[in-house]
Amino acid sequence: MSNKKSVTTLILIWMGVGVVVGSLINAFASDVAFIQDYIVNGLFHVIGAMFISALKMLVVPLVTFSLICGVYGLGDVSKLGRVGIKAFGLFMLTTALAITVAITLAVIVGPGQGFDLTTATQQSFTPPPAPPLTDVIINLIPSNPVAAFAEGEMLQIIFFTILFAICILMIGEPGRAIAEGAEKLNLVMMQVVTVVMHVAPLGVFALMAKTFSLQGIGLILPMISYFSVVAIALLLHLTGTLMLLVKLLGKVSPLIFIKKMRAAQIFAFSTASSNATIPVTLTSVEKRVGVDNSTASFVVPFGATINMDGTAIMQGVATVFIANVYGIELGIMGYLTVIGMAVLASIGTAGVPGVGLIMLAMVFNQVGLPVEGIALIIGVDRLLDMMRTAVNVTGDAAITTIIARSEGTLNMETFNDPNAGTVEEVHLPHRRT
Ligand code: ASP
């Protein structure tokens, strides 16, 4: 056991191998039909897509059972309201901080100044209509819960499940059996997560290899200024703002916290989806960081749906970049509008790949920037999407930890144990003879 590599280390290694293999294919075999058809769009695509489906498969049942246990475990509805308000406030605060830092950095560096529009990679971009805010609010309530579960509408699922769990509490004794059933189902789902984790290295490899063989590193060159400002702002938010909050509000070591987030970050990076990463974020904050199930089961999926710090950062920098490219002066009011819009947009942005760019159209519309400008940044968006999703997920986990700490429910013994909750601790039963 001891010389066996941990699953997280294996995933990290295979992720690196995927990047190298993909970049090599992109550099030397991008027009070899056999490799493109059978390896990149065949093998890598199939394994990667199967792996993402396997992750998504876990999300709805895991969130549902875990949330029922969480609300039931609280035993007190007022605590739920308190946690909800704290979570919402902190999510909005971190998103606003994130985009403010991003815009400030972008205004100082000035990406896109002197950018030659004619040499830019011109791709067409037609934005789908962004949902109006009123719809986002109305749609919190599922008119048909079964449809909400079938479609994986996270906010609707959270709303219905919380209501359902509160009512289990309200009916008293007859509800106990349902809650105990949900607890057992939750245990089973946790085990399903563990099983899926064992094939994760392969899945992550395929996703990385495919992305890099299609995109290559070279694509970022013409966009280097935009790309670097987003990357630096993401790093600043991750290592600065979030860690400061973990230290000041959470009163725990940011270093230990960030180490325990590694698996969730890798999954977020390779899937570019906060939603698909929910199972890993949830198990990481509960088993590795020591957050209680009641807080984690509610705050993590809620955050994956409405908290998008990394996405807001990209939107802030993109706004400054496109304004520079088109020579449009936004002014302080323009930037304030962007901050407000990006915070609102993050609520309406689903945690799936690429949506951040679609919501950017809404921000551009609001401040009068040309929406077709998005075509300029679309080429590098996949890689930035991966990076910002890792930041989004770390933000969700940081706030979850801060809230658990403020509620006095963070298990410090688990937090301080470097090996707590590693996947290899959980044995697959019936494997040994
Ligand atoms: N991919 C991001 C997420 O899932 C959303 C986005 O920025 O497109 O968190």
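Residues numbered from 1 in each chain as written. Predicted model: local features only at pLDDT ≥ 70, side-chain atom pairs only at ≥ 80, totals over all residues. Heavy atoms only, no water.

Visitor: How should I be thinking about unusual backbone geometry in this particular structure?
Guide: Of all residues except glycine, most have a negative phi; of all peptide bonds, most are trans. Although it is not a glycine, K251 adopts a positive phi angle of roughly 55 degrees. Tracing the backbone through its elements, the reader meets K251 in the loop between α9 (224–248) and α10 (254–260). Taking relative accessible area as the criterion, K251 reaches 57% and is therefore assigned exposed. Phi is positive for A272, close to 55 degrees, though the residue is something other than glycine. Among the secondary structure elements, A272 is positioned in the loop between α11 (262–271) and α12 (274–289). You can call A272 buried: its relative accessible area is 1%. (Helix = DSSP H or I, 4+ residues; strand = E, 2+ residues; numbered from the N terminus. Buried < 20%, exposed > 50% of the residue type's maximum accessible area, 1.4 Å probe, protein only.)

Visitor: Teacher, can you tell me more about the side chain of H237 here?
Guide: Residue position: H237 is located in helix α9. Classification of H237 by relative accessible area gives buried; the value is 1%. Among residues more than four places away in sequence, those in contact with H237 are T94, A98, L242, D309, I313 and V391. (Contact = heavy atoms within 4.5 Å.)

Visitor: Please clarify how the pattern of salt bridges should be interpreted in this entry.
Guide: Oppositely charged side chains can pair when the atoms bearing their charge come close. Within this structure, the stated rule accounts for five salt bridges. Across the pair R176 and E173 runs a salt bridge whose closest N-O atoms are separated by 3.4 Å. Taken together, the residues span about one helical turn, with R176 and E173 both in helix α7 (residues 173–197) at a distance of three residues. D385 is the salt-bridge partner of R388, the closest N and O atoms lying 3.4 Å from each other. One end of the pair, R388, and the other, D385, are both in helix α18 (residues 381–406), three residues apart, so they sit about a helical turn from each other. A relative accessible area of 1% means that R388 is categorised as buried. Through salt bridges with shared partners, one network takes in R82, K86 and E407. (Salt bridge = Lys/Arg side-chain N within 4 Å of Asp/Glu carboxyl O.)

Visitor: Whenever I open this one, empty space enclosed by the protein confuses me. Can you help?
Guide: Remark: the empty space left among the atoms is shown by a probe the size of a water molecule rolled over them. With the rule as written, the count across this model stands at two cavities of 30 Å³ or more. In this structure, the largest cavity occupies an estimated 70 Å³ of space. In this structure, the largest cavity is lined by 15 residues; those nearest its centre are M308, T311, V352, D385 and N392. Put simply, the parts of the chain that give the lining of the largest cavity at least two residues each are α16 (355–367) and α18. By residue number, the principal contributor to the lining of the largest cavity is α18, which donates four residues. Each residue belonging to the lining of the largest cavity can be placed in one class, and the counts come to five nonpolar, eight polar and two charged. (1 Å grid on protein atoms, 1.4 Å probe; cavity = no way out; pocket = protein on both sides within 12 Å on 5 of 7 lines; lining within 4 Å. Points joined across faces, edges and corners; volume = space filled by probe spheres on them. Nonpolar A, V, L, I, M, F, W, Y, C, P; charged D, E, K, R; others polar.)

Visitor: Quick question: what am I supposed to make of the nonpolar core here?
Guide: Across soluble globular proteins, you tend to see nonpolar side chains buried next to one another. F51, Y226, V230, F257, F267, L360 and I377 are the most contacted members of the largest nonpolar core, which totals 102 residues. Discounting chain neighbours no more than four positions away, the residues touching L360 are M314, Q315, A318, T319, I374 and I377. L90, A165, I166 and F302 belong to the second largest nonpolar core, which has 30 residues in total. (Core = buried A, V, L, I, M, F, W, Y, C linked by side-chain atoms within 4.5 Å.)

Visitor: Sorry if this is basic, but what is going on with the site of the ligand here?
Guide: Around the ligand, a shell composed of 15 residues is seen, among which S274, T311, G356, D385 and R388 lie nearest. Between the ligand and A272 there is a distance of 2.9 Å, counted from a nitrogen atom to a backbone nitrogen or oxygen. A distance of 2.7 Å is found between an oxygen atom of the ligand and a backbone nitrogen or oxygen belonging to G356. Contact with the protein chains removes 100% of the 270 Å² of surface that the ligand exposes when unbound. (Near = heavy atom within 4 Å. Polar contact = N/O pair within 3.5 Å; in protein donor to acceptor, adjacent residues only side chain to side chain. Areas by Shrake-Rupley, 256 points an atom, 1.4 Å probe, with all protein chains shown as cover.)

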